[in-house]
Amino acid sequence: MAHRNIFKGLLNYLMQDASIMNRARKIGANPELSETSKKMGVASIIFSSFAILIAIVGPFLSKLLIVAGFTTNLLIIGNIFVICFGIAILIIPFQLAAFALSYSRAQRSINNLKIGTVSKHFSRTSMLLSVIFLVVIVFILLSQGK
């Protein structure tokens, strides 16, 4: 029974883009809401900001967790969990930037306010900056050695 909930949750997470677009269609169907709605654009800007922030801070936290996973005695399963969590932190900025792109597309499908254009450009920039910051900071951390 529990495995069905896990798979359902994973499927919902992977289909998040469809869910966001369905919400945008509902807002767009209401003429009063669609004229002034900025909710999706604001969400896109927030996700983009967090993506950039976590792309900067994430590698440092990841390094701390991976080092802790190799140097502490948390039994084998605890060490594996801490190391995997440290590696998974590096994926979070990409997920946040992908959500920002989805919300930006949704905002643009609702109306043509300036926040839609701003969120589109900012979400694309956040995706690019996330990649650049992660690669540069990871290489700097790897080159330090300690």
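Residues numbered from 1 in each chain as written. Predicted model: local features only at pLDDT ≥ 70, side-chain atom pairs only at ≥ 80, totals over all residues. Heavy atoms only, no water.

A. Inspection of helix α2 (residues 16–29) at higher detail. A rise of 1.5 Å per residue sets the reference length of α2, with its 14 residues, at 20 Å; its end C-alpha atoms lie 20 Å apart and thus fit the reference within 8%. Of all the positions in α2, only I20, M21, A24 and I27 are classed as buried. Projected down its long axis, α2 carries its buried residues within an arc of 115°, all on one side. Of the residues in α2, the exposed ones pointing more than 90 degrees away from the buried face are R25, K26 and A29. Contacts made by the buried residues of α2 are with α3 (31–36), α4 (39–71) and α6 (92–110). (Helix = DSSP H or I, 4+ residues; strand = E, 2+ residues; numbered from the N terminus. Expected span 1.5 Å × (residues − 1). Buried < 20%, exposed > 50% of the residue type's maximum accessible area, 1.4 Å probe, protein only. Arc of directions from axis to C-beta. Contact = heavy atoms within 4.5 Å.)

B. Region of the structure containing helix α7 (residues 114–144). Its 31 residues place the ends of α7 44 Å apart at the C-alpha level, agreeing with the 45 Å of an ideal helix rising 1.5 Å per residue. Residues of α7 that are buried include every one of I115, G116, S119, S123, S126, S130, L134, I137 and L141, and no others. Turning to α7, the residues buried within the fold contact α4 and α6.

C. Quick peek at the environment of L141. Mapped onto the fold, L141 is located in helix α7. In this structure the C-alpha to C-alpha distance between L141 and F60, which are 81 residues apart in sequence, comes to 7.9 Å.

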